[in-house]
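Residue strings, one per chain:
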Amino acid sequence: MNAKELYQKILETYPDIGETTICSLHKPCAKSKRCDEAPLHLYIDFDRVETEFDRGNPSRQSVDAVASAGEKFCFIEIKGWKDFLQWNIPNDKTIALQAQYDLKGKFEVSKEICIGIAENETLFEAIPEVFVLVTDIDVNEEGIESFFFNMMALASTATDWETKCNIALKRELDNQITSVPKYYVNCKQLAGKLLEISSEK
């Protein structure tokens, strides 16, 4: 079984779930459309897959979505910052607490569910996996790099809270997801990133 076949197997196992857009999976955007981006890629709502797979058993925390990108199977988690920054007075402590998600646990549970659906314990020995963490604020990698190099200077000036949010969440990603390639992208960049991933060797 390859990545595309696994994706199709999930759809066939739970036909009522079907496919959806990343905007529909991000709760604030699902309630009220926040941009004019046209959906360029479709995903499976993996929270719904977990609900069906674990029906009758205790619920577990899974990733938000899955997708196939060429030969790779993508586990996708969405963590928004816009509402947090809009409705809270941010500081280093609240940002650090907000960024504390069990990414590794969600990843492992999601893999277990895929293995159960495929009925193949060695499933991911043949399918390359990637983990993609998606956010709704600008992911400026150059800004993150410059922040690290200018920490002392920034301490005495106006702070870019979005940059601090990005750093906190990317740190969690780097610390928790260590066994597979991982990416941190803005939601508008996700479809392009999957296209890029699909072309990588």
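Residues numbered from 1 in each chain as written. Predicted model: local features only at pLDDT ≥ 70, side-chain atom pairs only at ≥ 80, totals over all residues. Heavy atoms only, no water.

Within the protein chain one finds 12 helices and 5 strands. Looking at the protein chain alone, contacts between residues at least 24 apart form 72% of all its contacts between residues at least 6 apart. Surface exposure of the protein chain reaches about 11,200 Å², of which carbon and sulfur atoms provide 50%. (Helix = DSSP H or I, 4+ residues; strand = E, 2+ residues; numbered from the N terminus. Contact = heavy atoms within 4.5 Å. Areas by Shrake-Rupley, 256 points an atom, 1.4 Å probe, with all protein chains shown as cover.)

Here the protein chain shows a mean pLDDT of 86. Residues at 70 or above account for 83%. Contacts for the low-pLDDT stretch residues 142-159, under 50 throughout, to residues beyond four places or in other chains number 13 contacts. (pLDDT = per-residue confidence, 0-100.)

Here we come to helix α12 (residues 190-199). Among all positions in α12, only Leu190, Ala191, Lys193, Leu194 and Ile197 are buried. Projected down its long axis, α12 shows its buried positions confined to an angular sector of 160 degrees, all on one face. In α12, the exposed positions angled more than 90 degrees off the buried face are occupied by Leu195 and Ser199. For α12, the secondary structure elements touched by its buried residues are α2 (22-25), β2 (65-69), β3 (72-78), β4 (129-135) and β5 (182-186). (Buried < 20%, exposed > 50% of the residue type's maximum accessible area, 1.4 Å probe, protein only. Arc of directions from axis to C-beta.)

This part takes up the environment of glutamate 172. Tracing the backbone through its elements, the reader meets glutamate 172 in helix α11 (residues 161-176). Taking the C-alpha atoms as reference points, glutamate 172 and lysine 104, 68 residues apart in sequence, are found 9.5 Å from one another. Excluding its chain neighbours within four sequence positions, the residues that come into contact with glutamate 172 are Ala99, Gln100, Tyr101 and Leu103.

The next subject is the sheet that holds strand β1 (residues 44-45). The 5 strands are arranged β1-β2-β3-β4-β5 in an open sheet whose pairing can be described as mixed. For this open sheet the edge positions go to β1 and β5, each flanked by a neighbour on one side alone. Looking at chain direction, β2 and β3 are connected through 5 bridges and run antiparallel. When the bridges of β3 are listed, alanine 69 appears paired with lysine 72. Helix α7 (residues 103-118) contacts β3 and β4 of the sheet and is inclined by roughly 135 degrees relative to β3. Running over the sheet, α12 touches β2, β3, β4 and β5 and is turned about 150 degrees from β5. (Pairing = 2+ DSSP bridges. Axes fitted to C-alpha atoms, helices over the stretch in contact; angles between N-to-C directions.)

Moving on to the pairing of β2. With respect to burial, β2 is a largely interior element, 5 of its 5 residues being buried. Here β2 shows a buried face lined by Ala65, Ala67 and Ala69 and a second buried face lined by Val66 and Ser68. As paired elements, β1 and β2 share 2 bridges and run antiparallel to each other. The residue of β2 that forms the bridge with isoleucine 44 is valine 66. Linkage of β2 to β3, two consecutive antiparallel strands, is achieved through a turn of 2 residues, within which glycine 70 is found at a positive phi near 65 degrees.

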